[in-house]
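An overview of the molecular structure
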Amino acid sequence: MAGSGSDLKAQLIRDILKYEAVKFGSFTLKSGVVSPIYMDIRVCVSHPKFLTAIAEAVEQTLKAANLRFDHLCGVPYTALPIATCISTKTHQPMLMRRKEAKAYGTKQIIEGKYRAGDKVLVIEDIVTSGSSILETVKVLENAGLTVTDAIVLIDREQGGKGYLEERGINLHPVLKLSEIIDRLEVENLIQADVAQRSREFIRTVKPSLTPAAVGVGERASFEGRARSAKHPVSAKLLKFVNKKKTNLCVAIDVETTAELLELTSKVAPYVCAVKTHVDQLSDFVYEKVIPELKRLSEEHSFLLFEDRKFGDIGETVRAQYGGGVFKISEWADIVTVHGVPGAGVIQGLKSAASEKNACIIVAEMSSAGALTDDSYKKACASMVESNADFVIGTVSQSRVVKSPEFIQFTPGVNFELSGDGKGQQYVPPEVAISDRGADIVIVGRGVTRNGDPGDRARIYSERAWEAYEKATGN
Ligand code: 5BU
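Residues numbered from 1 in each chain as written. Predicted model: local features only at pLDDT ≥ 70, side-chain atom pairs only at ≥ 80, totals over all residues. Heavy atoms only, no water.

Describing the environment of Glu-292
Within the secondary structure, Glu-292 is located in helix α11 (residues 286-300). Placed 92 residues apart in sequence, Glu-292 and Glu-200 show a C-alpha to C-alpha distance of 68 Å. Within the structure, the side chain of Glu-292 is placed 2.9 Å from the side chain of Arg-295, a separation counted as a polar contact. (Helix = DSSP H or I, 4+ residues; strand = E, 2+ residues; numbered from the N terminus. Polar contact = N/O pair within 3.5 Å; in protein donor to acceptor, adjacent residues only side chain to side chain.)

Dropping the structure here:
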């Protein structure tokens, strides 16, 4: 298109007013709130030139942001024609989300060809709270698709960008509502008092997310996440989670092989992973522990998770991981590693690993006075993101890495105690999941030292599962 970016924007703003996509006055919204400004981009379907100009501006923003994606998807309905224009012009394929799939029975909720794990760029006309985008993201993620970015023609700047960012979606606006108001005022197309009232409205009215959008993005369903899992170990873990309907990992911290194996067989039906500290066993003999642990894990579909917390230079952890008496990389699906040594620790572990192994980074600890502050967590998050071929998530007390590709394990879970007198701090499974962002809760003594461990594991797994379902909005 001819003209600079700012000329194009100025013209688009004039068109928005000309075609009455924005109106100033006094409008009672669905919520009952009276607004001095009303926006409706749907009018563009009656003005093909206006629709073309919108699509071109969206396309320009898309190019400037240098986004990589496999499909475009317009949020129904207004953004559908916009996405279509971009798709026919740029030859980027599109997906269409149906709003009413149920009424049509066999019809797909998402029309178009895609593969699990494909990346979708969402297109929207106007963002207020971001709810419509999130509702579309939920449908896409449940189908195993990934969404990290959305482009919107107009950001009303009433909180939507923040809500979306908290849920891992970067919002790229073509225009901000304040920009539209400023420009129209400068060009004398609206009065100063109208502009002022509109600015005041944007500043003070911040609508919240719709119930259907709450929790979306924060928590995609385990089914969707299993379909889009990239690493074979996270795929396997999420397969077990869905098959057994459990997001419980039991920490079996005991000192003898007999206790370890007995407790493992008791909790086995209720867990997606069993976490060990094999160096606590006073009678460890590889042949007596590992083959039986492996047999149980295969029979009952759970992962073996050795909480080794590697924390040395790459070369040392390589030898510790693959060698010694424990030969951890031979049998542990997952191991923990501290971020302290920096990226070399991951490189070291990787060199002793196969595609059957994965690690998770301890980004934040449950114990009182833990030194894992915000900047440490951030550094761990970038280590996770840049090593996705080996790192599948974090052990943490908060959502350190936003993308649902990564799994958050949260220890310090117990519904009867608040601590253990030695620094451990507990929250109930519901708090770990809904407030702290846990995907998998790790429970040790709450299961193993308290009555019948099998029954305790069942109770913890039911409570954790229910809390997760609630968090996804199911
Ligand atoms: P508990 O009995 O539920 O307190 O056991 C918790 C387990 O999780 C135990 O094996 C710890 O080593 C492990 N853990 C933890 O409690 N807190 C952390 O921050 C990390 C691991 Br990392």
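What to know about the site of the ligand
As a matter of local geometry, the ligand sits amid 16 residues, with Asp-253, Ser-366, Gln-424, Tyr-426 and Arg-445 nearest to it. Contact between the ligand and Lys-275: an oxygen atom at 2.8 Å from a side-chain N or O atom of the residue. Here an oxygen atom of the ligand sits 2.6 Å away from a polar atom, N or O, in the side chain of Tyr-426. Class assignment for the residues of the shell around the ligand results in 7 nonpolar, 4 polar and 5 charged. (Near = heavy atom within 4 Å. Nonpolar A, V, L, I, M, F, W, Y, C, P; charged D, E, K, R; others polar.)

Thoughts on the sheet that holds strand β7 (residues 146-155)
The strand order β5-β4-β3-β6-β7-β8 describes an open sheet built from 6 strands, whose pairing is mixed. The open sheet terminates on both sides in strands that have one partner only, identified here as β5 (110-111) and β8 (170-176). The pairing of strand β6 (residues 119-127) with β7 spans 8 bridges and is classified as parallel. Within β7, the position partnered with Ile-123 by the bridge is Ile-151. Its contacts with the sheet place helix α1 (residues 5-18) against β7 and β8, and it is angled at close to 75° to β8. (Pairing = 2+ DSSP bridges. Contact = heavy atoms within 4.5 Å. Axes fitted to C-alpha atoms, helices over the stretch in contact; angles between N-to-C directions.)

A few points about the side chain of Asn-357
Within the secondary structure layout, Asn-357 lies in the loop between α14 (344-350) and β13 (358-362). From its side chain, Asn-357 meets the backbone oxygen of Ser-329 in a polar contact 3.0 Å long. Here the side chain of Asn-357 touches Ala-332 through a polar contact of 3.0 Å, landing on its backbone oxygen. With sequence-adjacent residues up to four places away left out, Asn-357 is seen in contact with His-231, Val-233, Tyr-321, Ser-329, Ala-332, Asp-333 and Phe-390.

Points about the domain arrangement of the protein chain
Looking at the assigned domains, one finds that the protein chain contains domain 1 (5-209) and domain 2 (222-472). Facing the 10 residues of domain 1 at the interface are 6 residues of domain 2. Taken together, both faces of the contact between domain 1 and domain 2 bury some 610 Å²; the carbon and sulfur share is 52%. When residues of domain 1 are sorted by the area they lose upon contact with domain 2, Glu-141, Asn-142 and Gly-144 head the list and together hold 37% of the total. The interface formed by domain 1 and domain 2 includes 0 salt bridges. Those elements that place two or more of their residues in the side of domain 1 that touches domain 2 are α4 (131-142) and α5 (160-166). Here the side of domain 1 that touches domain 2 takes 3 residues from α4, the largest share from any one element. Across the side of domain 1 that touches domain 2, the residue classes tally to 2 nonpolar, 4 polar and 4 charged. (Domains from an automatic or database assignment. Buried area = accessible area lost by both parts, 1.4 Å probe. Salt bridge = Lys/Arg side-chain N within 4 Å of Asp/Glu carboxyl O.)

Focus: the side chain of Asp-40
Structurally, the position occupied by Asp-40 is in the loop between β2 (34-39) and α2 (48-64). With near-sequence residues (within four places) excluded, Asp-40 lies in contact with Glu-20, Ala-21 and Ile-126.

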